[in-house]
Amino acid sequence: MSKMTLKTEGDTHVVVTRRFAASPEAVYRAHTDPQLIQKWLLGPEGWTMPVCINEARPGGKIRYEWTNDKGQGFYVTGEYLELEPHHRIVHVERMYMPDPTPDNHVETRFDAEGTGTLMTMRMTRPDAQTRAAMLATGMEHGMEASYVRLEGMINAAHVA
């Protein structure tokens, strides 16, 4: 399957797409089950997620905390706004590095495509400067490392 693509739209949007050789149900579950999230959403090698709170329901809370072997760390908090099981997730999140970033509004879709899934994540930032700062972090490298891990995990375990 193809790797992740990242593009910008307008002044405030970032759109990430990624194809997975797995069903929409499996990819959706991997995005909402805290036990699975804690195994794949780690970014580059050397990072762990000791705290993973994911209450996958409207109004449910999100808190992910990452650390590495150099004593570095950061965390994300957020809330779910909408969930359509196996098809769509809408949430808002903010990253703390250590100061909070402006809210990131995220819509993630999981669409069947052949025998796999096309995941489309549309992030909306408050302004062009905030989006530029987010893109300057090189986040796409950590995202793709996580997605490679996710696909391997799904395919090895046949998560469904």
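No experiment lies behind these values; they were computed from the predicted model shown.

Enquirer: Can you help me understand the sheet that holds strand S7 (residues 104-113) in this one?
Expert: In a beta sheet, neighbouring strands are held together by backbone hydrogen bonds and run either parallel or antiparallel to one another. With respect to topology, eight strands assemble into an open sheet ordered S1-S2-S8-S7-S6-S5-S4-S3, the strand pairing being antiparallel. The outermost strands of the open sheet, each flanked by one partner alone, are strand S1 (5-9) and strand S3 (47-54). Within this sheet the neighbouring strands show an average axis-to-axis angle of 20°, counted without direction. Of the strand pairs in this sheet, strand S4 (residues 61-68) and strand S5 (residues 73-84) are connected by seven bridges, and their pairing is antiparallel. Following the sheet pairing, Glu 65 is matched in S5 by Tyr 75.

Enquirer: What should I look at first to understand the environment of Gly 152 in this one?
Expert: When you line up the elements, Gly 152 lands in helix H4 (residues 139-157). For the pair Gly 152 and Phe 20, spaced 132 residues apart in the sequence, the C-alpha separation amounts to 9.7 Å.

Enquirer: Whenever I open this one, helix H1 (residues 24-32) confuses me. Can you help?
Expert: For an α-helix the count is 3.6 residues per turn, leaving residues at separations of three or four pointing the same way. With seven of nine residues buried, H1 is to be regarded as a mostly interior element. Taken together, the buried positions of H1 are Pro 24, Ala 26, Val 27, Tyr 28, Ala 30, His 31 and Thr 32.

Enquirer: Looking at this model, I keep getting lost on helix H3 (residues 128-135). Mind explaining?
Expert: Every buried residue of H3 is accounted for by Thr 130, Arg 131 and Met 134. All buried residues of H3 fall inside an arc of 100° around its axis, so they share one side. Put simply, Asp 127 is the residue that caps the front of H3, since its side-chain oxygen is 3.2 Å from the backbone nitrogen of Gln 129.

Enquirer: How should the nonpolar core be read in this particular structure?
Expert: It is characteristic of soluble globular proteins that their nonpolar side chains tend to be buried jointly. Within the largest apolar cluster, 35 residues are counted, with the highest numbers of intra-cluster contacts made by Val 16, Tyr 64, Met 121, Met 123, Met 143, Tyr 147 and Leu 150. If you tally residues by element for this core, the top one is H4, at six residues. Apart from the residues within four sequence positions on either side, Tyr 147 is in contact with Met 4, Val 16, Arg 18, Phe 20, His 31, Trp 40, Met 119 and Met 121.

Each value, and the rule that gives it
- Residues numbered from 1 in each chain as written.
- Predicted model: local features only at pLDDT ≥ 70, side-chain atom pairs only at ≥ 80, totals over all residues.
- Heavy atoms only, no water.
- Pairing = 2+ DSSP bridges.
- Helix = DSSP H or I, 4+ residues; strand = E, 2+ residues; numbered from the N terminus.
- Axes fitted to C-alpha atoms, helices over the stretch in contact; angles between N-to-C directions.
- Buried < 20%, exposed > 50% of the residue type's maximum accessible area, 1.4 Å probe, protein only.
- Arc of directions from axis to C-beta.
- Polar contact = N/O pair within 3.5 Å; in protein donor to acceptor, adjacent residues only side chain to side chain.
- Core = buried A, V, L, I, M, F, W, Y, C linked by side-chain atoms within 4.5 Å.
- Contact = heavy atoms within 4.5 Å.

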